[in-house]
Amino acid sequence: MRKHSKNGDVLDTARTILYSILAAFLVSMVFILALGVNPLSAFAAMSAGVFGRAYGLAETVAKATPLIIIGLGITIASRGGLANLGGDGQYYMGALSSICVGLFLPKGTSPMIVWVLAFMAAVLFGAFWGGLAGFLKARFHTSEVIITIMLNYVALYLVGALVNGALQAPGGIPQTRALDKAYQFVKLIPGTRVHAGILIGLVLALLVWLLFKKTTLGYRIQTVGESPRAAQYGGINVKRYEVIIMGLAGAAAGIAGMVDVYGVHFRVLEGITNGFGFTALLIALLARLNPLAVVLGSLFISALTVGANAMQIQMNVPTSIVNVVQSLIIFFMLILPGIRKRRLSRRKHGGGLAVAAPADPQTTVVG
Amino acid sequence: MSVIFSEVFLVTLLAAGVRMAMPILLAATGEVFAERSGMLNINLEGQMLMGAFVSFVVGYYTHSMVLALAAGILAGVLTAMLMSLACITWHAQHTVVGITLNMFVLGFTSFWYRVAFGITTSPPKADLAGSGTQAIPLLSKIPLLGPVLFNQSFLFYAALIIVAVSYFVIFKTRFGLKIRAVGEYPRAAETMGVNQIKIRYISMAICGALAGLGGTFLSIISLNRFVDNITASRGFIALAIVIFGKWNPWLVLCGSLFFGIVDALQLRLQAIGLNVPYHLMLMLPYALTIVVMVFTAGKSESPAALGQDYEREVL
């Protein structure tokens, strides 16, 4: 990853992101227009849904929490040159293992002990689920893209089998028993879903930032990502690092699962993650793999989601417009540097024959 | 248990397996073209999904099988062209673009499905003429083989021809040689006067068409409806099968049939009420993909320039 050594670079990046967001919104306006809805009043409903009420802002923070944490893990993976599409599966493993801790420790165990053990279980199982993809890549040269996607389904159906079987609560609904009240995370703002998990997210963001800023581990991960061959020559055991990198990414997603279970759902059921892993991947790209920017990116995407819910209720615009907007933002971010360079080289060479120098290295971070 | 070994069970299982293999087979055959030309087309899933959606909508409103097929193919091609523009013309990285466009297609199809059909408990059906099976006279009367191979959808017969033609094109024609040259060593190919940009675009278009057709099979022939994310990562299973099949259409056919039959087997086992949680059955195709990848990934040699961007030298 290139350092933003010059102010011009930062400006350039900011401009690319801004243009991409504008372009994505323009396209979505066309979608909304085609519905026969005035896009401006739709956007007004959207922003009123977020900023017009305390609930909207609180919900934005609550929904951003798992995205931040998974996004941080994906930041680590992508900086290490690996594509982690397994956020959802790792989240499920964290949720599953941590709920077991909460449900099966003897009643009356101090909440602190439960939380610490649940956290460790989530880290362990998430890391295992992510690290497995890293291990298979290192050992058998499997593509982590395909393996992590397949592991999502394995985890999903594992949860399905358990909440319909061994872990099912009495009553016939496919879900686990609820956590004891004493073990549920404290609400930071009473009456909303904002819970202590956001603090975990913020601390983790700081830690990941420090990881890359200050530690050898971070430096090595980065080196493996930039050039595995150079890393190998430099004495880094690349295969081992592939396991470590995916393990860290999985651990983060596992923590997100634990945080959601203890802060929001208080139980595990199918569908508690709704493509969070993929959204978090887009957020990490939007944040250009900057851990602190991941927090902002998550809040932004989460606000879009909350706003879109309001928009659906008032204007009948389907919430899936959020998927369209967020993917288009990233799509434009990916192609803008190429378009710009192409135009520059056209101008330089006066003809269409020659094509520009390689695209912006920052767009070539995953895989 | 004895029911498993009866002939009726075997015939229905294999026939269903062949049917379930079709979407994956078509998409994977397309991906062979893309990857042979060096394009790591992670967007396969999105191209299938777009084909499934557009063909369903067109079929639903026009009641025409031909139009639905054409629309599904076109939708796949257009999606593939988005990916090609970004990766070939604007040099963005294949994996990231593919993932991003998959998300886009997921949002796009889900959005317009809601707009067109609202939220319903009973999804609308396309019910197109010709979506059933077409028995081939005489051949379909052969015991065992007849009902399995010669009483299928017309698209199955078409798919077999597509596989044969794909093999021939890739390995026996000048055009196929160019595709492989671009995928192995674009610089050398370019020196020999091959326009690598054009070759990659054409390969992606073929891939998009076949993936769109695979999605079409899923929505209007196999399931007769569209639901959100109907492809359920079959595009990624197809990616795995391409590796398993060593980028060879005939081996890809074998791999797809294997997966189709396993998929059909888990459904059959559920149906006869085997005492295994059905979620674990659903897991089977995905778990199997992992196992297959572990055993084949290291052994097959991918095209050397797969996933790599190529820049023309500025003279």
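Conventions used here
Residues numbered from 1 in each chain as written. Chains lettered and ligands numbered in written order. Predicted model: local features only at pLDDT ≥ 70, side-chain atom pairs only at ≥ 80, totals over all residues. Helix = DSSP H or I, 4+ residues; strand = E, 2+ residues; numbered from the N terminus. Rg over C-alpha atoms; globule rule 2.2 N^0.38 Å. Buried ≥ 20, exposed ≤ 12 C-beta atoms within 10 Å, placed from the backbone. Contact = placed C-beta atoms within 7 Å. pLDDT = per-residue confidence, 0-100. Expected span 1.5 Å × (residues − 1). Axes fitted to C-alpha atoms, helices over the stretch in contact; angles between N-to-C directions. Parallel < 35°, antiparallel > 145°, perpendicular 65-115°, else oblique. Left-handed = near helix turned anticlockwise from the far one by under 90°. Nonpolar A, V, L, I, M, F, W, Y, C, P; charged D, E, K, R; others polar.

A. Focus on the overall build of chain A. Helix and strand content of chain A: 13 helices and zero strands. A compact globule built from 367 residues would reach a C-alpha radius of gyration of about 21 Å, and chain A, at 22 Å, matches this within 12%. In terms of principal-axis extent, the alpha carbons of chain A reach across some 75 × 60 × 35 Å. Every one of the 367 residues in chain A was classed for burial, and the buried ones make up 55%. Pairs at least 24 residues apart make up 77% of the contacts formed inside chain A by residues separated by at least 6 positions.

B. Expanded view of the overall build of chain B. Assigned secondary structure in chain B consists of twelve helices and two strands. Principal axes of the C-alpha set define a box for chain B whose edges measure 70 × 45 × 40 Å. Expressed as a percentage of the 315 residues in chain B, the buried residues total 51%. Within chain B, contacts between residues separated by at least 24 positions form 78% of all contacts whose residues are at least 6 apart in sequence.

C. Here's a closer look at the interface of chain B and chain A. At the junction of the two partners, chain B supplies 43 residues and chain A supplies 46 residues. For the side of chain B that touches chain A, the secondary-structure elements that each account for two or more residues are helix 4 (94–117), helix 10 (234–244) and helix 12 (278–296) of chain B. When residues in the side of chain B that touches chain A are grouped by element, the largest group, 15 residues, is from helix 4 of chain B.

D. Representation of the environment of Thr29(B) within the structure. Mapped onto the elements, Thr29(B) comes out in helix 1 (residues 7–36). When the C-alpha atoms of Thr29(B) and Ile99(B) are compared, they prove to be 20 Å apart, with 70 residues separating the residues in sequence.

E. Representation of the confidence of the model for chain B within the structure. Mean pLDDT over chain B: 91, with 97% of residues reaching 70 or higher. As a predicted assembly, this complex carries a pTM of 0.92 together with an ipTM value of 0.93.

F. Looking closely at the environment of Phe33(B). All names here are of chain B. Residue position: phenylalanine 33 is located in helix 1. C-beta crowding within 10 Å serves as the criterion here: with 27 such atoms nearby, phenylalanine 33 is assigned to the buried category. Phenylalanine 33 sits 134 residues away from tyrosine 167 along the chain, and the two C-alpha atoms are 9.8 Å apart. Excluding its chain neighbours within four sequence positions, the residues that come into contact with phenylalanine 33 are Ile179, Ser203, Ile206 and Cys207.

G. Focus on helix 2 (residues 44–62) of chain B. Counted at 1.5 Å a residue, the expected span for helix 2 of chain B with its 19 residues is 27 Å, and the 27 Å between its end C-alpha atoms agrees. Within helix 2 of chain B, 17 of the 19 residues are buried, which leaves the element mostly enclosed by the surrounding structure.

H. Here's a closer look at helix 7 (residues 197–214) of chain A. Under the 1.5 Å per step criterion, the end-to-end length of helix 7 of chain A is 25 Å for 18 residues, consistent within 8% with the ideal 26 Å. Packed against the buried residues of helix 7 of chain A are helix 3 (54–79), helix 8 (216–226), helix 10 (238–265) and helix 12 (291–315) of chain A.

I. Expanded view of the packing of helix 2 of chain B against helix 10 of chain B. Residues and elements named next belong to chain B. Running from N to C, helix 2 and helix 10 point in directions that differ by 135°, and their axes come no closer than 7 Å. Judged by the angle between their axes, helix 2 and helix 10 are oblique. In this structure, the crossing between helix 2 and helix 10 has a hand that is right-handed. Residues Leu44, Glu45 and Met48 of helix 2 form the contact with helix 10, whose own contacting residues are Arg234, Gly235, Phe236, Ala238 and Leu239. Of the residues that constitute the contact of helix 2 with helix 10, the class distribution is five nonpolar, one polar and two charged.

J. Structural context of the confidence of the model for chain A. Overall, the predicted model of chain A reaches an average pLDDT of 90, with 93% of residues at or above 70. Here residues 351–367 of chain A is modelled with pLDDT under 50, and outside its nearest four sequence neighbours on either side it reaches 48 contacts, counting other chains as well.

K. Looking closely at the packing of helix 3 of chain A against helix 12 of chain A. Residue and element names in this part refer to chain A. Axis separation between helix 3 and helix 12 bottoms out at 7 Å; the angle between their running directions is 135°. In terms of orientation, helix 3 and helix 12 fall into the oblique class. The way helix 3 lies across helix 12 gives a crossing that is right-handed. Touching Gly56, Glu59, Thr60, Lys63, Ala64, Leu67, Ile68, Gly71, Leu72 and Thr75 of helix 3 are Pro291, Val294, Val295, Gly297, Ser298, Leu299, Ile301, Ser302, Ala303, Thr305 and Val306, all from helix 12.

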